[in-house]
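Chain residues, written in single-letter form:
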Amino acid sequence: MIKRKKIIRKTTKAKPKARTKATPKTKAKAKSKPATRPKPKRAAPAAKAELSHIDPRGQAHMVDVSAKNLTERIAVAEGRVIMRKETLDTVIAGNAMKGDVLGAARLAGIMAAKRTHGLIPLCHPLPITKVEIEINPEHALPGYLVQATVKVTGQTGVEMEALVAVSIACLTIYDMAKAIEKGMRIEGVRLLEKSGGKSGDYHAEN
């Protein structure tokens, strides 16, 4: 009998990979902190506006403008007179009880602009060179849109003159038409824009 030799196959076991010791650098990477967002820089606080017509003792006073240069200054203001559609139609037709409503309102606005310093205590008397009053019907309101443009070459602005002109023109429209409607409203009196002077230009937002 032929004896069969047992074939013994040698299997090689995979040697375990050598473990690398953790270095301080690898530890730092493993335990790296999540990225932090840079803190936003705080904006510098805006300069605090001061009331120019109040002195250090808290008393009202007229601002001294003698050191200011003579510059051209323009201001535009607006206001609205809200009324019923029937009232607007009557005024447009010229059938208001007191006659020429818009003509009277224009003259009243011009006169008011020139006399502002006599109405607002701390306003300066100014050599106004132009006052223009525009009064337009607005059917969407319904009512009238009133705008005043005032111009001067001086040492202080004419914002108050424009605002007073608009206010008095609107009041005159009310006075001329109140026999038809006493429930009319005066709204939206504001400064639209100004130019010239130390404070620069200003334009109202919508």
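In what follows, the structure referred to is the one given above.
Residues numbered from 1 in each chain as written. Predicted model: local features only at pLDDT ≥ 70, side-chain atom pairs only at ≥ 80, totals over all residues. Heavy atoms only, no water.

Colleague: Tell me about the nonpolar core, and please be specific about residues and values.
Modeller: Counting 30 residues, the largest nonpolar core has I133, I135, Y144 and I173 as its most contacted members. Of all the secondary-structure elements, those providing two or more residues to this core are strand 1 (71-82), helix 2 (85-93), helix 3 (101-114), strand 2 (130-138), strand 3 (143-154) and helix 5 (159-177). The element contributing the most residues to this core is helix 5, with eight residues. Among residues more than four places away in sequence, those in contact with I135 are L102, A105, R106, Y144, L145, V146 and I173. (Core = buried A, V, L, I, M, F, W, Y, C linked by side-chain atoms within 4.5 Å. Buried < 20%, exposed > 50% of the residue type's maximum accessible area, 1.4 Å probe, protein only. Helix = DSSP H or I, 4+ residues; strand = E, 2+ residues; numbered from the N terminus. Contact = heavy atoms within 4.5 Å.)

Colleague: Quick rundown of the pairing of strand 1? Include the residues and the values.
Modeller: Inspection of the sheet shows strand 1 paired to strand 3 by 12 bridges, in the antiparallel sense. Counted as the bridge partner of V76 is T149 from strand 3. Pairing geometry for strand 1 and strand 4 (residues 185-195), over eight bridges, is antiparallel. By the bridge assignment for strand 4, A75 is matched with K194. (Pairing = 2+ DSSP bridges.)

Colleague: An account of the sheet that holds strand 4 is requested, with residue identities and associated values reported.
Modeller: In space, the five strands of this open sheet follow the order 2-3-1-4-5, with antiparallel pairing throughout. Where the open sheet ends on each side, the last strands, each with one partner, are strand 2 and strand 5 (202-203). Along the sheet, helix 3 contacts strand 2 and strand 3; its crossing angle with strand 2, the most-contacted strand, is approximately 145 degrees. Each of strand 1, strand 2, strand 3 and strand 4 is contacted by helix 5, which is oriented at about 25 degrees to strand 1, the strand it contacts most. (Axes fitted to C-alpha atoms, helices over the stretch in contact; angles between N-to-C directions.)

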